[in-house]
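# A structural walkthrough
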Amino acid sequence: MTQPIVSIVIPIYNEEENIPELYRRLETVIQQLDGEVEVIFVDDGSRDNSLNLMRKIHDRDYHFNYISLARNFGHQIAVTAGLNFVRGRVVVVMDADLQDPPELILAMIEKWQQGYQVVYAQRLSRKKETVLKRFTAYAFYRILRRLADVNIPPDTGDFCLMDREVVDILNSMPERNRYIRGLRAWVGFRQTAITFERDPRFAGTVKYSFAKSWALAINGIISFSRVPLKLATYLGMLSAGVALFMIFLVLYWRLFDSASPLIGYTLITIALFFLGSVQLFCIGILGEYIGRIYEEVKGRPIYTVKEMGGVRSEELRVKS
Ligand code: UDP
Ligand code: MG
């Protein structure tokens, strides 16, 4: 097989209902591309028939390779694993549930040919997603934009095209907490958006639980911003200000307004709980950062691989 021009990385976690249709649509797209194409399915520890389907497709069609992670490591790590093995001069990352239309790859490649190193897909709308999901996503991307050190474009997911140069840099980043859309923005180079309507899931249920989405969002903020760390300072200043004000208020009451009842238990209790919660909240934030330092320092491999089909370094089982 000659060196592929285009590599397509697709993380898969229990997507057996989507794989046949995904394959059908990818095949059509591959036929329209000139040059060699490789698809790398990354099985993120699926418990359904997904891995079997990948093996079958790989046996039948040499364009399709796969890596199977030894357990469920999560979407971002699955994408990371895929990127570690791609060989193409240009790499596309997309979801398996056909929310990211494969046909858009053609338009992305056109942009790449115009000289862009990163072409990310930006959602104009999210069809058939719950109001809550749409609202939280909307709010999150705006908050992240305000807090982050790098400009992470809103309403973009991991669906994108990246030049080899960018993928090599991503692969050289040692960090374990990987918020790929942020790292991709961090790298720089010439980046451009291409807008699309995000289709509903073709089949199956969402694999991102609320807890996983929450973790991803927190990770995005903590990995790309130090603003939360400053919150303790600001809250401290605020409560010092309130305390000072109270001192003067009590003095005033004592000296000039003896009729006012001196503030009793209620206020003390409120102040106690208020300060207690501010302190716990700030310790919690510190904990988020320290927990990440701990993760990084341990230096464990990011993932473990149990099986591969068609990708290079057949002997490589652990990648750090
Ligand atoms: N996915 C994964 N590991 C996980 C969760 C999800 O590889 O632990 C994959 C999933 O199979 C899909 C993509 O990540 O291809 C996006 O997941 P999903 O569609 O559930 O989330 P969405 O971003 O659409 O809400
Ligand atoms: Mg999806």
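What counts and what doesn't
- Residues numbered from 1 in each chain as written.
- Chains lettered and ligands numbered in written order.
- Predicted model: local features only at pLDDT ≥ 70, side-chain atom pairs only at ≥ 80, totals over all residues.
- Heavy atoms only, no water.
- Helix = DSSP H or I, 4+ residues; strand = E, 2+ residues; numbered from the N terminus.
- Rg over C-alpha atoms; globule rule 2.2 N^0.38 Å.
- Contact = heavy atoms within 4.5 Å.
- Areas by Shrake-Rupley, 256 points an atom, 1.4 Å probe, with all protein chains shown as cover.
- Donors = N, O, S within 2.8 Å, 3.2 Å for Na, K, Ca; no water.
- Buried < 20%, exposed > 50% of the residue type's maximum accessible area, 1.4 Å probe, protein only.
- Phe/Tyr/Trp six-rings, centres within 6.5 Å; stacked < 30°, edge-to-face > 60°.
- Patch = residues over 30% accessible without salt bridge, like charges linked within 9 Å, V, L, I, M, F, W, Y side chains within 5 Å.
- Salt bridge = Lys/Arg side-chain N within 4 Å of Asp/Glu carboxyl O.
- Pairing = 2+ DSSP bridges.
- Axes fitted to C-alpha atoms, helices over the stretch in contact; angles between N-to-C directions.
- Parallel < 35°, antiparallel > 145°, perpendicular 65-115°, else oblique.
- Nonpolar A, V, L, I, M, F, W, Y, C, P; charged D, E, K, R; others polar.
- pLDDT = per-residue confidence, 0-100.
- Left-handed = near helix turned anticlockwise from the far one by under 90°.

## Things to note about the overall build of the protein
Scanning the protein for helices and strands turns up ten helices and nine strands. The globule rule puts the C-alpha radius of gyration for 320 residues at 20 Å, and the 25 Å found for the protein is more than 25% above it. With the principal axes as the frame, the protein shows a C-alpha extent of 90 × 40 × 35 Å. A separation threshold of at least 6 residues defines the contact pool for the protein, and within that pool the share at least 24 residues apart is 81%. Total accessible area on the protein is roughly 16900 Å²; 61% of this is exposed by carbon and sulfur atoms.

## Looking at the coordination of the magnesium ion (ligand 2)
Angles between donor atoms at a metal ideally measure 109.5 degrees for a four-coordinate tetrahedral arrangement and either 90 or 180 degrees for a six-coordinate octahedral one. The protein atoms donating to the magnesium ion (ligand 2) are Asp97 (OD) and Gln99 (OE1), with metal-donor distances spanning 1.9 to 2.0 Å. What makes glutamine 99 buried here is its relative accessible area of 9%.

## Some details on the packing of aromatic side chains
All told, the structure shown has six aromatic pairs when counted by the stated rule. Pairing phenylalanine 41 with phenylalanine 64 gives two aromatic rings, centres 5.6 Å apart and planes at 35°, and the pair type is tilted. Placement of the pair is phenylalanine 41 in strand β2 (residues 37-43) and phenylalanine 64 in strand β3 (residues 64-69), with a sequence separation of 23 residues. Its relative accessible area of 0% is what places phenylalanine 41 among the buried residues. The class for phenylalanine 64 is buried, based on a relative accessible area of 1%. Through a chain of ring-to-ring contacts, the aromatic side chains of Tyr23, Phe41 and Phe64 assemble into a single cluster.

## Thoughts on a nonpolar patch on the surface
Together, Leu244, Ile247, Phe248, Leu251, Tyr252, Leu255 and Phe256 line one region of the surface with nonpolar side chains, adding up to about 810 Å² of accessible area. Its location among the elements puts tyrosine 252 in helix α9 (residues 227-256).

## Let's talk about the pairing of β3
The side chains of a regular strand alternate between the sheet's two faces. Counting buried residues along β3, six of its six residues qualify, which places the element largely inside the surrounding structure. Across the two faces of β3 the burial is the same, with Phe64, Tyr66 and Ser68 and Asn65, Ile67 and Leu69 all buried. As defined by bridge partners, β2 adjoins β3 across five bridges and the pair is classed as parallel. Looking at the pairing, valine 42 lines up with isoleucine 67 of β3. In this structure, β3 lies alongside strand β8 (residues 303-309), joined through four bridges in antiparallel fashion. Across the sheet, tyrosine 66 pairs through a bridge with glycine 309, a residue of β8.

## Describing unusual backbone geometry
Residue aspartate 155 is not a glycine yet carries a positive backbone phi of 55°. With respect to the helices and strands, aspartate 155 occurs in the loop between α5 (131-147) and β6 (156-163). By relative accessible area, aspartate 155 is classed as buried at 18%. The phi dihedral of phenylalanine 189 is positive, around 65°, even though this residue is not glycine. Checked against the element boundaries, phenylalanine 189 lands in the loop between α7 (180-187) and β7 (191-198). Judged by its relative accessible area of 41%, phenylalanine 189 is partly exposed.

## A word on the environment of valine 39
Positionally, valine 39 belongs in strand β2. Along the sequence, valine 39 and threonine 233 sit 194 residues apart, while their C-alpha atoms lie 49 Å from each other.

## Description of the packing of α5 against helix α8 (residues 210-224)
Between α5 and α8, the shortest axis-to-axis distance is 10 Å and the interhelical angle comes to 10°. Viewed along their axes, α5 and α8 adopt a mutual orientation that is roughly parallel. Facing α5, whose interface residues are Phe140, Ile143, Leu144 and Leu147, α8 presents Ala217, Gly220, Ile221 and Phe224. Residue composition of the contact of α5 with α8, grouped by class: seven nonpolar, one polar and no charged.

## Points about the pairing of β6
For β6, the buried fraction is high: eight of the eight residues fall into the buried class. Here strand β4 (residues 90-93) pairs with β6 via four bridges, running antiparallel. Across the sheet, residue valine 93 finds its bridge partner in β6, namely cysteine 160.

## A word on the confidence of the model for the protein
Summary statistics for the protein give a mean pLDDT of 86 and a share of 93% for residues scoring 70 or more. Below pLDDT 50 for its whole length, residues 314-318 participates in nine contacts with residues either more than four positions away or in separate chains.

## Comments concerning the packing of α9 against helix α10 (residues 265-298)
α10 packs onto α9 with a crossing angle of 165° between their chain directions and a minimal axis gap of 9 Å. Judged on the interaxial angle alone, α10 and α9 are roughly antiparallel. In this structure, α9 crosses over α10, and the sense of that crossing is left-handed. Contact residues: α9 offers Pro228, Leu229, Leu231, Ala232, Leu235, Ser239 and Met246, while α10 offers Leu267, Leu275, Val278, Phe281, Cys282, Ile285, Leu286 and Tyr289. Each residue belonging to the contact of α9 with α10 can be placed in one class, and the counts come to 14 nonpolar, one polar and no charged.

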